[in-house]
Amino acid sequence: CETCSKEEAKYRCPRCMKYSCSLLCVKKHKLVLSCNGVRDKTAFVSVNEFTDLNLLSDYRFLEDVGRTADAAARHLAMHGSTTKRLLFSLRNKALKCNIDLRTLPIGFTKRRENSTTFNSTENKFYWHLKLVFPHCHAEYTLKRVPDDKTLADILKPYIDPVESDPVVCQRLKIYTASPHSDVRILMKIENRRQNSVRYNELDASRSLLDNLKGKVIIEYPTLFVVLKTLKNDMVVLGQDASEPAESSDSESSSLSSMEEGEIRDSS
């Protein structure tokens, strides 16, 4: 036994080829060598050591790869059209609410993350929502946020001194120690060029749906929570004298810039 060096070896690890005498020594060698005990099917084997067993192993490995690829192809064929119909319906429901909801192709990070749904019975959106607190370098992801919930209620579990979680409260203590009147909620305007980033200021007393009306949403809303008394580089549209009240840049420029950022993120 290569672990205890006392008893006669009975087992050989398929992964590292170490000999062991008992279950205890097997577990010990896995812990010491960080070995998972699973044979590496792609490990290099020289021609001189190549046997019929290696050939059979390679053949079975290729069969497994083929089955996995075939299953993935069938999955896309079965569910691709269904997914497209659901996304088309979701965009149409958003458009009726005066929200320009745009979705990304499969493979993009935000497409994989998005869990936004529409409940036809309640006639209500349940949004996937991301909250960003720049002053504390903190981000939180919320799922199934009803569209009739006010932004103030959405933020209560994070920045309210009484109702917020103690751990979250400690991390966001800059926010919880500030008066509510000092809190600003911003959302990035999507249809602008990268060198002209601007934000819309949202109304905390109004519902999420009311705040999203008339805006472009890429997959799901991302809200930035900032404090007026602390400096930040986020320029609110209409509050800069050199900026017009509305954006005039092309939407295609924004979408291409956003996609480039997503590609860099995915890579």
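Residues numbered from 1 in each chain as written. Predicted model: local features only at pLDDT ≥ 70, side-chain atom pairs only at ≥ 80, totals over all residues. Heavy atoms only, no water.

Novice: When you look at the UniProt feature "domain: HIT-type" (unreviewed entry) in the chain in this model, what are you seeing that I'm missing?
Specialist: Within this structure's numbering, the places UniProt gives as "domain: HIT-type" (unreviewed entry) are residues 1-35. Regarding residues 1-35, the helix share stands at 31% and the strand share at 11%, and the terminal C-alpha atoms are separated by 16 Å. (UniProt positions renumbered as here; feature names shortened; annotations may be inferred. Helix = DSSP H or I, 4+ residues; strand = E, 2+ residues; numbered from the N terminus.)

Novice: I keep staring at the pattern of salt bridges and nothing clicks. Help me out?
Specialist: Applying the stated criterion across every chain, the model contains twelve salt bridges. Close ionic contact of Lys-156 with Glu-163 constitutes a salt bridge, the shortest N to O distance being 4.0 Å. (Salt bridge = Lys/Arg side-chain N within 4 Å of Asp/Glu carboxyl O.)

Novice: What is the right way to read unusual backbone geometry from this model?
Specialist: A negative phi angle characterises most non-glycine residues, just as the trans form characterises most peptide bonds. In the Ramachandran plot, Met-17 falls in the positive-phi region, its phi being about 65° despite a non-glycine side chain. For Met-17, the location among the structural elements is in the loop between β1 (11-12) and β2 (19-20). According to the relative accessible area criterion, Met-17 is partly exposed, its value standing at 41%. A positive phi angle is found at Asn-123, which is not glycine, with a value near 55°. Here Asn-123 lies in the loop between β4 (117-119) and β5 (124-133). (Buried < 20%, exposed > 50% of the residue type's maximum accessible area, 1.4 Å probe, protein only.)

Novice: Any chance you could explain the pairing of β5 here in plain terms?
Specialist: Consecutive side chains along a regular strand alternate between the two faces of the sheet. A large share of β5 lies buried, amounting to ten of its ten residues. Burial of the side chains of β5 extends over both faces: Lys-124, Tyr-126, His-128, Lys-130 and Val-132 are buried on one face and Phe-125, Trp-127, Leu-129, Leu-131 and Phe-133 on the other. Relative to β5, β4 runs antiparallel, the two being bridged by three bridges. Within β5, the position partnered with Asn-119 by the bridge is Lys-124. From the end of β4 to the start of β5, which pair antiparallel, there are four residues, and Asn-123 there has a positive phi angle of about 55°. Direction of pairing for β5 relative to strand β6 (residues 138-146): antiparallel, over a ladder of seven bridges. The residue bridging Val-132 from the neighbouring strand is Glu-139, located in β6. Counted along the chain from β5 to the antiparallel partner β6, the turn is four residues long, and its residue His-137 has a positive phi close to 55°. (Pairing = 2+ DSSP bridges.)

Novice: Can you help me understand helix α4 (residues 151-159) in this one?
Specialist: Each turn of an α-helix holds 3.6 residues, which means side chains three or four residues apart point in the same direction. Every buried residue of α4 is listed here: Leu-151, Ile-154, Leu-155, Tyr-158 and Ile-159. The buried residues of α4 occupy an angular sector of 110° when projected down its axis, which confines them to one face. (Arc of directions from axis to C-beta.)

Novice: Sorry if this is basic, but what is going on with the packing of aromatic side chains here?
Specialist: To describe a pair of aromatic rings, one takes the distance between the centres and the angle between the planes. Counted by the stated rule, this structure contains seven aromatic pairs. Relative to Tyr-140, the ring of Phe-133 lies with its centre 5.9 Å away and its plane at 75°, an arrangement referred to as edge-to-face. Relative accessible area serves as the criterion here: at 0%, Phe-133 is assigned to the buried category. Look at Tyr-140 and you get buried, because its relative accessible area is 16%. Measuring from centroid to centroid gives 6.2 Å for Phe-133 and Tyr-158, while their planes differ by 35°, and the two rings are tilted. Taken as a pair, Phe-133 in strand β5 and Tyr-158 in helix α4 lie far apart in primary sequence, 25 residues in all. Owing to a relative accessible area of 12%, Tyr-158 belongs among the buried residues under this scheme. An aromatic cluster is defined as three or more aromatic residues linked by ring pairs; in this entry it consists of Phe-133, Tyr-140, Tyr-158 and Tyr-175. In this arrangement the basic side chain of Lys-110 is found over the ring face of Tyr-220, its NZ or CZ atom lying 4.8 Å from the centre. We note Arg-144 situated over the ring of Tyr-126; from NZ or CZ to the ring centre the distance is 4.3 Å. (Phe/Tyr/Trp six-rings, centres within 6.5 Å; stacked < 30°, edge-to-face > 60°. Lys NZ or Arg CZ within 6 Å of the ring centre and 35° of its normal.)

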